[in-house]
Structure formats: C-alpha cells, structure tokens
Amino acid sequence: MNFETIDTTVQALWRYDYETNIKALRDLYDVAKKEQWDAATDIPWEIETDPAQVGDMSAPNMEPMDFEKALSKENQIELAKRKSAHLLSNFLHGEQGAMMICGQLVEVVPDMDAKLYASTQVIDEARHVEVFHRYITRLDRVYPIIPGLKALLNAVLQADLWQMKCVGMQVIAESIAMGGFKTMMKFTNDEVFRKVVTLTSQDEARHVSYGLIYMKDAIPKMNEVDRDRLEDFAWTAMTLLATTPELREGQKAADPMAVVYEGLGIDMKKAASEMLSRAMDPEYVKAQPNPFRDYAYPQLERIGLLTERTLPKYREVGLAS
Ligand SMILES: [Fe+2]
Ligand SMILES: [Fe+2]
C-alpha cells in the first residue's frame, strides 16, 4: 500500500437559500454540466504513442544540454521520456490534490452557487486523474510527488479559511497548471497527448474562472485581519513551489530527480554543474516560461491580493516586474 495521511480542518457550512445569488457562478455551473467529457472514450487511445514524438515535456522549448547531446540517440529518447513522465506524474498528483481540495470547497464555501459549481469540479479533477494516469503508464511509470508541490497542496488542504483554499487552488495552482498545459500543447507532437491536454485545459480554464469570479466577490467583504492572512497565504503558496529547488533547472539532478537520470551513463557531476550554470544565467532564466510569474501572479493582481505590504516580497524573488 502506498499512501499517507494528513489532518485537515474543514468547517462544513449548510446553506438554506437555494436561489441564485452569484449569477456568474451559476452560469459557470451550467457550462460545466454541458462540457463534461469521458476520459475513456473521448481520447484516441487506439493511436499508439511514439516516445520520440512526445519529447521532453519538462523543457520543450529548450536547447538540450551538452550532457544530453552526448548521449546515444536511444538514451536521449529514454531520458526525455522519463523527464516527461516525471513532470506528468506531478500533474497527476496535483490532479488528485485538486480533487480533494474541491471536495473540501463543496463543504466550506458559503454560497449555494459556489457549492454547486465546486461539485462539478470534483468530477472534472477525477477525470484528470484518470486521463493522466493512463497516459503516463504509456510512457514510463508514476514518479513520487516533488516536495514543493506536496507542501503547496497540503498547505491548501490544511488552510482554515475557505478563501485560502479558493485562492491557493483555483487561482494559483490552476493558473500554474494552465500555463504548463499551454506550453505542452504547443510543443508536443503526440496526437494522443495533445488531445489529453486540450480537453483537460478546457476544464482548467473554467476552474480558474471560478476562482476569479468568486474571489472578486468575496475579498472586498473580508475583515482586515483575515484579508491580511489571505495575502500572506497567497505569498506562501506562490513561493512554496516557485522557489523550490527542484523547479530550477540547475538543481534538477537533486534527489527527487536522481532516479530519472540513473542508468543512462550520465556523468552526474558534469551534468549538475551544467544545469547549475544555466540556472544562474539571468538571461536564460528570464527567457524561460515561468507559470508563477506569467500566469499566477497576474491573477493575484486581478483579484487585488497584491498590496504595498506584500508586493516588495514578490519583486525580491523576481515574480513581479
Ligand atoms: Fe485538473
Ligand atoms: Fe482543475
């Protein structure tokens, strides 16, 4: 058996007004009902996947590093396949986290329209778990969750304010996922994977909309103490993963990734120093897609969660311009 448990705090809220009170959320619920798809039948699973066509989804638009180029063609394909499976495994774990967090949202959010909508997202995320798991097993195997992602998801699962769960999941985590999917969609040559990502990101776009609509409504109604706590929580959520070493190219050989590189005849010392020098090159870092900076940060700005109190911290780590 492979599992772990954490204790969470959820205050379930019964709502006795069943009339619509946030129309945009009720409309989103109606859209969600119509846009359901089936991971078993709407993906062309009959098409075989050629790993050489999938490529390295963890760095799809980057020039391979020298140590990668030095590998045999066969090992290059094997490494790319493993790196993709490692990345997609973390999306898979993220989907499970999203499914559980959304289950919590059904309980904690105070508005009926928001409960109804969140219930549709639970099944969306279940479908994503199903589809990513099935696709990963075509490539390789499911790798363990990286510590930064687990820390982020656990922080959201354990958050005590429902607004924190909503911002952490719907605004931050969903935006990051959208950013990742957009990049992958652009670069993959695998038809099956393209379909997986296209259908999944349609759902994720709705999930981000929920967060934005709901938080724009809810944040102005919060008292100052809770609002400050929410701002601080957003900052923590953004930095748990964004500044976590394994997301930096230079430290990809660090522990959680070691298993991906093993057995391919790679000189890990040389590889690590090449990765590190890339990661230390500010021009290179700036040119790389950063879903936190490019997708999540603008959403936080949109819902008014960046203030004079927190903005300097974002600037300091390069998440704000
Ligand atoms: Fe999802
Ligand atoms: Fe989602």
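Scroll up for the structure.
As the structure is a computational prediction, the values presented were derived from the model and not from experiment. (Residues numbered from 1 in each chain as written. Chains lettered and ligands numbered in written order. Predicted model: local features only at pLDDT ≥ 70, side-chain atom pairs only at ≥ 80, totals over all residues.)

Chemist: Requested: an account of the overall build of the protein, with residues and values cited.
Modeler: Secondary structure summary: the protein contains 14 helices and 0 strands in total. Compactness check: the protein gives a C-alpha radius of gyration of 20 Å against a globular reference of 20 Å for 321 residues, within 12% of the reference. By its C-alpha atoms, the protein is 65 × 50 × 35 Å across when sized along the principal axes. Here the protein holds 321 residues, and the buried ones make up 40% of them. Contacts spanning at least 24 positions in sequence make up 83% of the contacts within the protein whose residues lie at least 6 apart. (Helix = DSSP H or I, 4+ residues; strand = E, 2+ residues; numbered from the N terminus. Rg over C-alpha atoms; globule rule 2.2 N^0.38 Å. Buried ≥ 20, exposed ≤ 12 C-beta atoms within 10 Å, placed from the backbone. Contact = placed C-beta atoms within 7 Å.)

Chemist: Describe in detail the nonpolar core, supporting the description with residues and values.
Modeler: Of all hydrophobic cores here, the largest spans 77 residues; its most connected members are Leu88, Tyr117, Val167, Ile172 and Ala234. Those elements that provide at least two residues to this core are helix 1 (23-34), helix 4 (73-108), helix 5 (112-139), helix 6 (147-158), helix 7 (162-187), helix 8 (191-218), helix 9 (224-242) and helix 13 (291-302). Tallying contributions element by element places helix 7 first for this core, with 13 residues. Excluding residues within four positions of it along the chain, isoleucine 172 makes contact with Val167, Ala234, Ala237, Met238 and Ala296. (Core = buried A, V, L, I, M, F, W, Y, C linked by C-beta atoms within 7 Å.)

Chemist: I'd like a rundown of the environment of lysine 165, residues and numbers included.
Modeler: Position of lysine 165 relative to the elements: it lies in helix 7. Separated by 69 residues in sequence, lysine 165 and alanine 234 place their C-alpha atoms 9.9 Å apart.

Chemist: Which residues make up the environment of leucine 300, and what values go with them?
Modeler: You can see leucine 300 is positioned in helix 13. Judged by local crowding, leucine 300 falls into the buried class, with 25 C-beta atoms found within 10 Å. Spatially, the C-alpha atom of leucine 300 lies 9.8 Å from that of methionine 215, the residues being 85 residues apart in sequence. Setting aside chain neighbours within four positions, we find leucine 300 in contact with Val171, Ala234, Leu305 and Leu306.

Chemist: Account for helix 13, with residues named and values stated.
Modeler: Taking 1.5 Å per residue as the helical rise, helix 13 with its 12 residues ought to reach 16 Å, and the 16 Å between its terminal C-alpha atoms agrees with that figure. Turning to helix 13, its buried residues are Pro291, Phe292, Arg293, Tyr295, Ala296, Tyr297, Gln299 and Leu300. Among the residues trailing helix 13, glycine 304 stands out with phi positive, at a value near 75°. (Expected span 1.5 Å × (residues − 1).)

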